[in-house]
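What follows is the residue order along each chain.
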Amino acid sequence: MTSMVGFLTARSKYSPTWLPFGIYSYLALTIGRVFFPTGNDTTELLSSFATFAVAFLVRPLGGMFFGPLGDRIGRKKVLAMTMILMAIGTGAIGLIPSYDTIGYWSPTLLILFRLVQGFSTGGEYGGASTFIAEYAPDKRRGFFGSFLELGTLGGYVGAAGLVTGLTAWLGTDGMNAWGWRVPFLVAAPLGLIGLYLRLRLDETPAFAKMEQDTVHASEAADLVETSTASDLGKIFREHWPRLILCICLVGAYNVTDYMLLSYMPTYLSDQLHYSDTHGLLILLGVMVALMGIISQVGRLSDHFGRKPLLMTGMLGFLLLSLPAFLLIQQGAYLAVAAGMAMLGLSLVCLLGTMSASLPALFPTSVRYGSLSVGYNLSASLFGGTTPFVITGLISLTGDNLMPAYYSMLAALIGVVAVACMKETARQPLEGSPPSVQTKEEAAALVVAMAAERRV
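> Would you mind showing me how to read empty space enclosed by the protein here?
Over the atoms a probe the size of a water molecule is rolled, and this reveals where empty space is left. Enumeration over the complete set of coordinates arrives at three cavities of 30 Å³ or more. Size it by volume and the second largest cavity reaches roughly 60 Å³. Breaking the lining of the second largest cavity down by element, the ones donating at least two residues are helix 10 (141–179) and helix 15 (240–271). With four residues, helix 15 is the single largest residue contributor to the lining of the second largest cavity. Grouping the constituent residues of the lining of the second largest cavity by class yields seven nonpolar, two polar and two charged.

> How should unusual backbone geometry be read in this particular structure?
It is generally the case that most residues other than glycine have a negative phi and that most peptide bonds are trans. The backbone of Arg426 shows a phi angle near 65°, a positive value even though the residue is not glycine. Inspection of the secondary structure puts Arg426 in the loop between helix 21 (402–420) and helix 22 (439–454).

> Just checking my understanding: could you explain the packing of aromatic side chains for this structure?
By convention here, two paired aromatic rings are described through the distance between centres and the angle between planes. For the structure shown, the criterion picks out 16 aromatic pairs. Ring geometry for Phe52 and Phe56: centres 5.3 Å apart, planes at 50°, overall tilted. Within this pair, Phe52 and its partner Phe56 are both found in helix 4 (residues 41–57), separated by four residues, close to a single helical turn. Accessibility assignment for this pair places Phe52 and Phe56 in one class, buried. Aromatic side chains Phe52 and Tyr258 sit 6.3 Å apart centroid to centroid with 70° between the ring planes, which places their arrangement in the edge-to-face category.

> Can you walk me through the layout of surface pockets in this structure?
Size it by volume and the second largest pocket reaches roughly 310 Å³. Together, 16 residues line the second largest pocket, and Arg242, Ala360, Leu361, Lys422 and Thr424 are the ones closest to its centre.

> Is there a simple way to explain the side chain of Ser346 in this structure?
With respect to the helices and strands, Ser346 occurs in helix 18 (residues 333–357). Of the residues examined, Ser346 reaches a relative accessible area of 6% and is grouped as buried. A polar atom in the side chain of Ser346 sits 3.1 Å from the backbone oxygen of Met342.

> What is the right way to look at the packing of helix 3 (residues 28–35) against helix 10 in this model?
Two numbers describe a pair of packed helices, the interaxial angle and the distance between the axes. Between helix 3 and helix 10, whose axes approach to 9 Å, the crossing angle comes to 50°. As summarised for this structure, helix 3 and helix 10 are arranged oblique, according to the angle between their axes. Along this stretch, helix 3 crosses helix 10, giving a crossing that reads as right-handed. On the side of helix 3, the interface is formed by Thr30, Arg33 and Val34, while helix 10 contributes Thr172, Met175 and Asn176. Of the residues in the contact of helix 3 with helix 10, the class split is two nonpolar, three polar and one charged.

> Please explain the pattern of salt bridges as it appears in this structure.
Note that side chains of opposite charge can pair when their charged atoms are close. Taken as a whole, this structure holds five salt bridges when the rule is applied. Note that Asp138 is salt-bridged to Arg141, the shortest N-O span being 2.5 Å. You'll find Asp138 and Arg141 in the same group, each marked buried. In this structure, Arg237 engages Glu238 in a salt bridge whose closest nitrogen and oxygen atoms are separated by 3.9 Å. On the basis of relative accessible area, Glu238 is assigned to the partly exposed category, the value being 45%.

Reading the values: the criteria
- Residues numbered from 1 in each chain as written.
- Predicted model: local features only at pLDDT ≥ 70, side-chain atom pairs only at ≥ 80, totals over all residues.
- Heavy atoms only, no water.
- 1 Å grid on protein atoms, 1.4 Å probe; cavity = no way out; pocket = protein on both sides within 12 Å on 5 of 7 lines; lining within 4 Å.
- Points joined across faces, edges and corners; volume = space filled by probe spheres on them.
- Helix = DSSP H or I, 4+ residues; strand = E, 2+ residues; numbered from the N terminus.
- Nonpolar A, V, L, I, M, F, W, Y, C, P; charged D, E, K, R; others polar.
- Phe/Tyr/Trp six-rings, centres within 6.5 Å; stacked < 30°, edge-to-face > 60°.
- Buried < 20%, exposed > 50% of the residue type's maximum accessible area, 1.4 Å probe, protein only.
- Polar contact = N/O pair within 3.5 Å; in protein donor to acceptor, adjacent residues only side chain to side chain.
- Axes fitted to C-alpha atoms, helices over the stretch in contact; angles between N-to-C directions.
- Parallel < 35°, antiparallel > 145°, perpendicular 65-115°, else oblique.
- Left-handed = near helix turned anticlockwise from the far one by under 90°.
- Contact = heavy atoms within 4.5 Å.
- Salt bridge = Lys/Arg side-chain N within 4 Å of Asp/Glu carboxyl O.

The structure is reproduced here in structure tokens:
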């Protein structure tokens, strides 16, 4: 039976990881003014989003380093390393002098510490989702996996609330002068709290069982001698079809995710000329609503399967993105809220299901590494670049509906990917023993396995 104490501790640490990314997204306009003062709002915003995307460029490197390492030395140790790096990068950003103080060194240091954040994040999602998936009971993996994205939403809600409150209190001038530093300096100590929680974790039962079996098979020496390069070679050589499927699923998911949760407040402020706080308040309400229903979506995926929920979300973005953005462009509060709700309900079908679906694509021996590589390659190409690409497309074409078209294209790829994946709900993870939650489930499983052997 799995340890729910370990699971609860694992899920509670995820918000400090995504709080810094949410902070940067919601301060994009301010960061553009502080670090890239050109006098042109579009150029400043593009520069800010380009720096946002820089962190994603090194995420595959972080995934290739931390992922195979997590498959060799354990999930717990690697998750602690990534949290330390994230706290360092976040705190350092809050201390960088502005462009007016040290000139070009200012954006240079910003890029450097964004690279530190990105490298650490390369080991985050693969490790966190693997950890929770390997702890969760087979019949409830969707429900427990949904709490991973609940932590993500919690990080974004915390970031939006902090930035909104500071902006309302200090105003634009105060935020430009010094207020922008406060969220980063608050987020860094929270990362240390996350580190403390991670150090209290036990290793996952699936990894502990694999490690024990390896030792019993007298292969301990081979385990020690293996290298990251050989682990990566095995992933690309033996699991490339699953890797491609993972990249397609994550690409569609990340474009829609970052479009709504990261880019939307900037879209409302920069393109539709809302106040800085108005767009954040609307998104804050949407995210709180999603937090209220995401675990129920996870339950539905356990009951009906992963594919129906994922397909619902992808089709939602494919069919509803254009109507949603047409509503948002009306400008009235109810119209904007309705459009955001349409996008949010489509996204929650992905948020509540993806964390249980992706780890099940790979066997235990390469799960952390494969998922880290696939997820971060896709996030680098399609996730972190989303705000930059959409802003550039709008600037180039003058069409404010570009976010809708971009998410529809991503969703179309997602529909094909979901159609190609296998259903994994209520089944043991490949390479792992069956996982149950209660003694009654364990007894029923033993009886069923005995009956199968007799047949």
